[in-house]
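Structure assessment
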Amino acid sequence: MRIVFMGTPDYAATALKALIEAGHQVVGVFTQPDKPKGRGGKVQEPPVKILAREHGIPVCQPRRIRTEGVEALKTLAPDLCVTAAFGQILSQEILDIPPLGTVNVHASLLPKYRGSSPVHWAIVEGESVTGITTMMTDAGIDTGDILLQAPLDIKPGETAGELTDRLAALGAGLLLKTLKAIGEGKCPRTPQDEQEMSYFPLLTRETGAIDWRQPASSIVNRIHGLNPWPSAFSPSPWGQMKLHRAEAAEGSGRPGQILVASPKEGLVVAAGEGAVRLTSIQAAGGRAMAPSDFLRGHPLPEGAEQMSGEA
RNA sequence: CGCGGGGUAGAGCAGUUCGGUAGCUCGUCGGGCUCAUAACCCGGAGGUCGAGGGUUCAAGUCCCUCCCCCGCAA
């Protein structure tokens, strides 16, 4: 079976690696173009591209696969396409090319958490269980028929990065299982229940802005759900500060009020309901560290008592 | 060549402007006080100041090169 793989980040590379190691015939890979990333504007290659090159698989990086990638895909003549966090929406014209269709490995239990960042949103929303769904891609966004699903518990305090890694491994396995079932012509197909569906938008930097008026649990979930990217942040007496990890704590006060700030007792901030104990923070220019470490060298400025730029 | 901050004891920082004995808080080790303690008091150990080169009587500090970490913007 000639397979064309479409994906971009590590999550996708894990699936591609599984395909290759299982002996599937991956005849081509589509991934996002190299983009200037990070400091100094150096271009970086997507993990999927790097992996594909190591295995001598042809790589195609159209800016818009819907227009520039059609001919290339036709030439590869795939029987089946597999997508995983590709980052581009496929047109009907693209979907019509592989006779067996296009299988997507989505990191949620569909129809919940449709959209491009299901892992992050599941944590932000405080879910305790998520999972992987393999599905037939159609013209909608994550709306196609469900093939196989596998649940996965979200650990307390788990970050999106950690959960993504575990889901990637789970997804790789489920993908192989799905392809096997398709190959044997006995893969179940279940339409999604539109009544149960939920959709979450693309993450932006602003998604990470902490609103201290929210309940402590929501703030904690947001911090973990946006770790490591795009990262939760808040102004503070020490300047803009990234918040990497936190937990609910005793205490109350005006939202954003700094209740505790000492090397001994750490950093506790009042929320709309309850309080949040920050356990990993990062100031501009510095690395991530525990508040007790940070506070040793950066005592709370005189008169400062709010998580804001004001003193 | 996108803008910018940083690398000094196990941890977090000051000291660099203007060269002249390596500092602070915490931890750690020993001792003391206390019914007791993450409290308090006394004492100690622990540093190639990111690397290399240069200037100088003298470099953490000034000059050149390089390595590493990070914030913003994309």
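The sections below set out a description of the structure shown in this document. (Residues numbered from 1 in each chain as written. Chains lettered and ligands numbered in written order. Predicted model: local features only at pLDDT ≥ 70, side-chain atom pairs only at ≥ 80, totals over all residues. Heavy atoms only, no water.)

Quick look at the packing of helix 1 (residues 10-21) against helix 7 (residues 160-183)
The condition that has to hold: To get an axis, a line is fitted to the C-alpha atoms, and for a helix only the part in contact is used. The angle between two axes follows their N-to-C directions and goes from 0 to 180 degrees. Runs of H or I in DSSP of at least four residues are treated as helices and runs of E of at least two as strands, each being numbered from the N terminus. When the near helix sits turned anticlockwise from the far one by under a right angle, the crossing is termed left-handed; a clockwise turn instead gives a right-handed crossing. By definition in these notes, contact holds between two residues if any of their heavy atoms fall within 4.5 Å. Amino acids outside the nonpolar list (Ala, Val, Leu, Ile, Met, Phe, Trp, Tyr, Cys, Pro) and the charged list (Asp, Glu, Lys, Arg) are all regarded as polar, and Gly is one of them.
In the contact formed by helix 1 and helix 7, the axes pass within 8 Å of each other and the chain directions differ by 35°. Crossing of helix 1 against helix 7: the hand is right-handed. Side by side, helix 1 and helix 7 meet where Tyr11, Thr14, Ala15, Ala18 and Leu19 of the first sit next to Thr164, Leu167, Ala168, Ala169, Ala172, Leu175, Leu176 and Leu179 of the second. Its residues assigned to classes, the contact of helix 1 with helix 7 shows 11 nonpolar, two polar and no charged.

Considerations on the protein's contact with RNA strand B
As a reminder, the rule being used: Here a residue counts as near a molecule or strand whenever at least one of its heavy atoms sits within 4 Å of it. Two N or O atoms form a polar contact when they lie within 3.5 Å of each other; inside protein one atom must be a possible hydrogen donor and the other a possible acceptor, and for residues adjacent in sequence the pair counts only when both atoms belong to side chains.
Inspection of the region around RNA strand B gives 20 residues, with Arg39, Gly285, Gly286, Arg287 and Asp293 positioned closest. Arg205 is positioned such that a nitrogen or oxygen atom in its side chain is 3.2 Å from a phosphate oxygen of RNA strand B. Within the contact set of RNA strand B, a sugar or linking oxygen lies 2.8 Å away from a backbone nitrogen or oxygen of Asp293. Of all the secondary structure elements, the ones that give two or more residues to the surface near RNA strand B are strand 3 (35-37) and helix 9 (291-297). Residue contributions to the surface near RNA strand B peak at four residues, all from helix 9.

Quick look at the nonpolar core
Rules: In this description, a nonpolar core means a group of buried Ala, Val, Leu, Ile, Met, Phe, Trp, Tyr and Cys residues linked to one another through side-chain atoms lying within 4.5 Å. The buried label goes to any residue with under 20% of its type's maximum accessible area, the exposed label to any with over 50%, and the partly exposed label to all in between, with areas taken from a 1.4 Å probe on protein chains only.
Judged by nonpolar contacts, the single largest core of 47 residues is most densely connected at Phe5, Leu16, Val26, Val29 and Leu175. Considering each element in turn, this core owes the most residues, nine residues, to helix 7. With residues up to four places along the chain from it excluded, the contact list for Leu175 reads Ala15, Leu19, Val82, Val103, Val105 and Thr134. Membership of the second largest hydrophobic core comes to 22 residues, among which are Ile219, Ile258, Val269 and Val276.

Regarding the sheet that holds strand 11 (residues 241-249)
Two strands in a sheet stick together by hydrogen bonds in their backbones, pointing the same way (parallel) or opposite ways (antiparallel). This is how it is decided: A pair of strands is labelled paired if DSSP reports no fewer than 2 bridges between them.
Within the open sheet, the five strands sit side by side as 10-11-14-13-12. Their pairing is antiparallel. The open sheet has two edge strands with one neighbour each: strand 10 (232-234) and strand 12 (258-262). Adjacent strand axes in the sheet meet at a mean angle of 45° when their direction is disregarded. Across three bridges, the pairing between strand 10 and strand 11 is antiparallel. The residue bridging Ala232 from the neighbouring strand is Leu243, located in strand 11. Strands strand 10, strand 11 and strand 14 (275-283) of the sheet are contacted by helix 8 (residues 216-225), whose axis makes an angle of about 135° with strand 11.

Describing the environment of Lys186
Position of Lys186 relative to the elements: it lies in the loop between helix 7 and helix 8. Along the sequence, Lys186 and Ser128 sit 58 residues apart, while their C-alpha atoms lie 31 Å from each other.

Points about the side chain of Asn104
Along the chain, Asn104 turns up in strand 7 (residues 102-106). For Asn104, a relative accessible area of 9% corresponds to the buried category. A polar side-chain atom of Asn104 sits 2.8 Å from a polar atom in the side chain of Thr83. When sequence neighbours within four positions are dropped, the list of residues in contact with Asn104 reads Thr83, Ala84, Thr133, Thr134, Met135, Thr137 and Asp142.

With respect to the pairing of strand 6 (residues 80-84)
Burial analysis of strand 6 places five of its five residues in the buried class, which makes it a mostly covered element. Burial along strand 6 is two-sided: Leu80, Val82 and Ala84 facing one way and Cys81 and Thr83 facing the other are all buried. Pairing of strand 1 (residues 2-7) with strand 6 involves five bridges; the strand directions are parallel. When the sheet's bridge partners are listed, Ile3 is paired in strand 6 with Leu80. With three bridges connecting them, strand 6 and strand 7 associate as parallel partners. Pairing of Cys81 across the sheet is with Thr102, part of strand 7.

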